[in-house]
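Report on the structure
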Amino acid sequence: MSTVESRPLVGAGINRVDGPRKVTGTAPYPMDFSVPGQAYGAVVQSTVAAGRIVRMHTGAAEQSPGVLSVLTHENAPEVATGPATVLGEPTPSPLRSDRILHHGQHIAFVVAETPEQAAAAARLVRADYEASEPLLDLQDPRAEQLADPWGTDHSRGDAAAALRRAEVTLRATYTTADNTHNPLGLFATLAVWEGDTLTVHDTSQWPSMVRTTLATVFGIPESSVRVLVPYVGGGFGAALRVWPHVILTAMAARMLNRPVKLVLTRPQMFTSVGHRPSGVQWLAVGATRDGELIALDHRSLSSLSMEGSDYEPFASGTAFAYQCPHVTTRDRQARLNIALPTSMRAPAAAQGNFALESALDELAWTLRMDPLELRSRNHTDVDPRNGLPWSGKALLECYEAGARRFGWSDRNPEPRSMREGNWLIGYGMASALFPYFAQPCTAQATIHSDGSALVRSAATDIGTGTYTVMAQLAAEELGLPLDVVRFDLGDSDMPHSMMAGGSGLTGALGNAVHNACRQLMRSFAGLARGDTDSPLRGASPDDVESTGGRLHLAGRPDRGEPYADILARHGLSELTANGNSTPPSATELGMSLAGAYGATFAEVRVDADLGLVRVTRVVSAIDGGRILNAKTARSQIIGGIVGGIGMTLYEDTATDPRTGRVTNATLADYLVAVNADVPELDVVFVGEPDHATPTGTKGVGEVGLVGIAPALANAVHHATGKRLRELPITPDDLL
C-alpha cells in the first residue's frame, strides 16, 4: 500500500497552519487561560544560597487583603516524589523541609483573590535563616564531583601514549558561561480540581510526562489528570521538567478547592526553570604534520545543583566526531549551591563543540593548514566507536556547499590581514553535529464521513512547526488535500508522545503519524475488499494507493472510490487507526543512527580600537535528512544561529560569588541577541533522507546552534590574532 510517489506537500515550504491564530492574537498560550472563580498564586524565594530556615514570618501576609493561604514547609501537605524520566531524576519536591540549597529557592507560596494581592502579600513574607557558606565556584575542591554520571565516557586506543609520540600537540582550556533560556512567554500554570480529577494548563514541552508526574505526586490515576498545552511561548528546553511551581499551584488548588493560577515573573524565571550549566573543558590534540588526527583527550567539568540531575556530557560528541584511533572523553559534574541546570538548546553539544572546533582551528593554524582541509582529511563515513556506517551523513557536502556560498576560498589565512577602515574582518568555520535522539511515540488518525481527516498526538509545538509538518505528512500519506487535514496536539488525553526536545520529536512523531495513516488506509482497504459494491472488491491492501481522497488500485486511478463512499456503505461516520514508532536499533539496522550534521561559516568585523564584535554574515549548510517543510526547517536553523550568537557574544548569567544571587535577572541586564545583532543569514540543506526510518528525517532544531560559537570565535581570531577560549567573548577580552 502506498501513496503516489510524487510528494507535492512534504518538503514544500508551506506556511504554518497555526500562523493566522498567532498573528491575530487568538492562539491561547498558557498564561492566557482563565476559569471562573480562580485565585492567584505568587512564590516567595530564599534570599540566601545555603543553610536552613529557622523561622518563617507569615502573619503580615496572612492578614493582607485578599489572601487565602500562605504555604510554607511548616504547613504544606506532604506529596510523593515524581518519577525519573529519560532526562534523569525529578526536580526536588517543594516546601518539603527547612533546608536551603540555592538562592531563589521557593520557600513559600501565597494565594490571593487577585495577582496584585498575591504579589503584595508575598513581599511581606520573611524568613530567619541559619546561613552557611555556599559552594559557588565550579572548581572549588570542596564540591562533590560526579564522575561519568551518565555512562557516556569513552575510550579507544591509548590517547595518553599517542599524545606523547604525536608530531604536533595542542593543549588548551575552554570555558563556557551559565546561560538562561528567557523564552518570550513567562511560564504559567493553572490548576483546576474537580474532586480527585485534576486539569492543568501548563508551560510544557512534554504533556505526557507532566501527566505522569502529577499523578504520582498526588497519588491519583493518570486517567484523572489532564494537561493542556496547545501553544507554548518558547521553551528551549526549560519546559522539559515539572518544576516546583507547577506542583505548588496544584497543591494550593487542591487545599483551597478552588482553581489557582500562577505566572512567574521574569526575575523568578532565572532560578525557577533551569539554565544552561557553566563548564570548563580541557582538550589535548595530537596530530601528524600533514593533519591526520592521532589522539584526542577531551575532559569536562560542568555545574550541577545540590540535588537532581542534568544530562550534559560536554565531551561525549568528540568520541565520534572525526576519524581518530586514540580517543578519551571524560565528563564530570560538580554539585554547587545553584538552581538545577537543565537542557538548553543544543545541550552539551553546544559547549563541547565550542571546545573541539576551536581546538581544531588552533591546530590548523599551528600546521599552517586550511581549517576546512583539516576537517575534510579527518572525516569519517563510519562511526569510529563501532565501525558501523552512519545511517546518513552528508558532512562533506555541507563543507562544499557552505564554502562555495560563503566564498571561503577568498580568505587570506593570515590573522589581521583583512580590513576595511577601522574594522578588522575575520572568517571562521566549524563543523556541527547534534546526535540522534528519539523516544517511543504514538499517534491516531481518523477520516470522517465528509472526507476530512483528523490526526492527533499529545505532543507540543514550541514554535518548530509541528502543527504544520505533521499535517503535511498526514495529507501525503492519506492522499488528501492539506486543507481537509487537521493535526491536533497539546492534550495529554491524546495518544502518548515523547517530548518536544532533543531534536527528536519530528522523527519519532512523524514515524508514528506515518504508521497511523498506513494502518488507517489498510483498514479502509480491508472494508472495501469484502464489499461486493466496491470497485476494490478482492484487492489486497498492498495493491492499493491513495490520491485525491480516493483509494484506487496502484497505477489504476480509474478503479477506486472516495473514503467517504466506503464509510457510507458501511454505515460509519468515521474510521480510526492508531500508529506508533519505536527508536530503531543500530544493531538490527547494521548502521549507526546519525544525527544532523552541518558546516557553519561566519564573517565578523571587530572594531580595532573599541573591541566591538559585529557578526556580518553566516552561511549554514545542513544535512537534516529528508526535510518535511523547507520554510519551517530554515526557520529552525535561523533560530539556532541567533541563539548561538547570543551564547557567543552576549549571554552570561552573572552570579554574586559571595551570596549566590543572580545579579542580572532581567532582560534589561541579561543580554540576548536582538534584531540589530542578526546579520545576513544563508541556510542551505544538502544530503538525502536518512536510512534509519520510514520518513527519513533528522531533527534540525538544535544543529543550527552547535557550530556558531566556534565559527565566531575562530573568525575573531582570524580578524584580530587573539585566541579567545572563554564565552561570552566581550570587548574587554579584545582590548
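Residues numbered from 1 in each chain as written. Predicted model: local features only at pLDDT ≥ 70, side-chain atom pairs only at ≥ 80, totals over all residues. Heavy atoms only, no water.

Let's talk about the pattern of salt bridges
Scanning the model with the defined rule gives 32 salt bridges in all. Of the charged contacts, one joins Arg-142 and Glu-133 as a salt bridge, the two residues approaching to 3.5 Å between their closest N and O atoms. Looking at Glu-133, the relative accessible area reads 60%, which means it is exposed. Ionic pairing is found between Asp-140 and Arg-142, a salt bridge with its closest N-O pair at 2.8 Å. Through salt bridges with shared partners, one network takes in Arg-211, Arg-226, Asp-491 and Asp-493. (Salt bridge = Lys/Arg side-chain N within 4 Å of Asp/Glu carboxyl O. Buried < 20%, exposed > 50% of the residue type's maximum accessible area, 1.4 Å probe, protein only.)

As for the nonpolar core
Leu-214 and Val-513 are the most contacted members of the largest nonpolar core, which totals 97 residues. Looking at this core element by element, the count peaks at twelve residues for helix H13 (residues 505-529). Apart from residues no more than four positions distant in its own chain, Val-513 is found in contact with Ala-443, Val-455, Met-470, Leu-473, Ala-474 and Phe-487. Cys-398, Met-429, Val-618 and Ile-645 belong to the second-largest nonpolar core, a separate cluster that totals 90 residues. (Core = buried A, V, L, I, M, F, W, Y, C linked by side-chain atoms within 4.5 Å. Helix = DSSP H or I, 4+ residues; strand = E, 2+ residues; numbered from the N terminus. Contact = heavy atoms within 4.5 Å.)

Here we look at the sheet that holds strand S3 (residues 51-57)
Reading across the sheet, the three strands line up as S5-S3-S7 and stay open at both edges, with antiparallel pairing between neighbours. For this open sheet the edge positions go to strand S5 (99-100) and strand S7 (126-131), each flanked by a neighbour on one side alone. Sheet topology note: the S3/S7 ladder contains six bridges and is antiparallel. Counterpart to Gly-51 in the pairing with S7 is Ala-131. (Pairing = 2+ DSSP bridges.)

Some points on the pairing of strand S29 (residues 680-686)
Burial within S29 is extensive, with five of its seven residues counted as buried. Note: strand S28 (residues 613-623) against S29, seven bridges, orientation parallel. Bridge pairing links Ser-620 to Val-683 in S29. Note that the unit made of S28, helix H16 (residues 630-649) and S29 has a crossover that is right-handed. (Right-handed = clockwise from strand over helix to strand, strands pointing away.)

Topic: the side chain of Asp-310
Among the secondary structure elements, Asp-310 is positioned in the loop between strand S16 (293-305) and helix H8 (318-321). Despite being buried, Asp-310 has no salt bridge partner; Arg-241 is the closest side chain of opposite charge, sitting 4.2 Å away. Asp-310 has contacts with Trp-150, Arg-241, Pro-277, Leu-304, Gln-333, Pro-341, Thr-342 and Ser-343, leaving out every residue within four places of it along the chain. (Lys, Arg positive; Asp, Glu negative; His and termini not counted.)

Quick notes on helix H5 (residues 207-218)
Its twelve residues give H5 an end-to-end C-alpha distance of 17 Å, which sits within 8% of 16 Å, the value for a rise of 1.5 Å per residue. The buried fraction of H5 amounts to ten of the twelve residues, a majority that puts the element mostly inside the structure. Buried residues belonging to H5 abut strand S11 (188-194), strand S12 (197-202), strand S13 (225-228) and helix H6 (244-256). A positive backbone phi angle near 65° is found at Gly-219, which sits one or two residues after H5. (Expected span 1.5 Å × (residues − 1).)

Section: the state of the cysteines
For the structure shown, the criterion picks out zero disulfides. Unpaired in this structure, Cys-441 has its nearest cysteine sulfur neighbour in Cys-517, at a distance of 13 Å. Looking at Cys-441, the relative accessible area reads 2%, which means it is buried. Using a relative accessible area of 0% as the deciding quantity, one classes Cys-517 as buried. (Disulfide = S-S within 2.5 Å.)

Looking at the environment of Val-111
Here Val-111 lies in strand S6 (residues 106-112). Look at Val-111 and you get buried, because its relative accessible area is 0%. Apart from the residues within four sequence positions on either side, Val-111 is in contact with Ala-39, Tyr-40, Gly-41, Gly-66, Val-67, Leu-68, Ser-69, Ala-252, Leu-256 and Val-260.

Focus on the environment of Pro-325
Locating Pro-325 in the fold gives a position in the loop between H8 and strand S17 (326-336). Classification of Pro-325 as partly exposed rests on a relative accessible area of 37%. Along the chain, Pro-325 and Glu-222 lie 103 residues apart, while their C-alpha atoms are 49 Å from each other. Those residues in contact with Pro-325 that lie beyond four places of it in its chain are Arg-156, Gly-157, Leu-293 and Ile-294.

Considering the packing of helix H12 (residues 466-478) against H13
H13 packs onto H12 with a crossing angle of 30° between their chain directions and a minimal axis gap of 9 Å. Relative to H13, the element H12 lies roughly parallel. Crossing of H12 against H13: the hand is right-handed. Counted together, Thr-466, Met-470, Leu-473, Ala-474, Glu-477 and Leu-478 of H12 and Leu-505, Thr-506, Leu-509, Gly-510, Val-513, His-514, Cys-517, Arg-518, Leu-520 and Met-521 of H13 form the full contact between these two elements. Taken together, the residues of the contact of H12 with H13 sort by class into ten nonpolar, four polar and two charged. (Axes fitted to C-alpha atoms, helices over the stretch in contact; angles between N-to-C directions. Parallel < 35°, antiparallel > 145°, perpendicular 65-115°, else oblique. Left-handed = near helix turned anticlockwise from the far one by under 90°. Nonpolar A, V, L, I, M, F, W, Y, C, P; charged D, E, K, R; others polar.)

Let's talk about the sheet that holds S28
Sheet architecture is open: five strands sit in the order S18-S19-S27-S28-S29, paired in mixed fashion. Either end of the sheet is taken by a strand with one partner, and the two such strands are strand S18 (419-420) and S29. In this structure, S18 lies alongside strand S19 (residues 423-434), joined through two bridges in antiparallel fashion. By the bridge assignment for S19, Arg-419 is matched with Leu-424. In this fold H16 packs onto S28 and S29, with an angle of close to 130° to the strand it touches most, S29.

What to know about unusual backbone geometry
Of note, the bond from Leu-727 into Pro-728 is cis; its omega dihedral lies within 30 degrees of zero at 0°. Among the structural elements, Pro-728 can be located in the loop between helix H18 (708-720) and helix H19 (731-734). Despite not being glycine, Leu-95 has its phi angle at roughly 50°, a positive value. Mapped onto the fold, Leu-95 is located in the loop between strand S4 (67-72) and S5. For Ser-503, which is not glycine, the phi torsion reads 55° and is therefore positive. Judged by its relative accessible area of 17%, Ser-503 falls in the buried class.

A few points about the pairing of S17
Counting buried positions along S17 yields nine of eleven residues, so the element is predominantly enclosed. Pairing analysis gives three bridges linking strand S8 (residues 145-147) to S17, with the strands arranged antiparallel. Paired with Gln-145 across the two strands is Ala-334, which belongs to S17. Bridge analysis of strand S9 (residues 154-156) against S17 gives three bridges, and the strand direction is antiparallel. The residue of S17 that forms the bridge with His-154 is Thr-329. By the bridge criterion, eleven bridges tie S16 to S17 in an arrangement that is parallel. Considered in S17, the bridge of Arg-299 is made with Arg-330.

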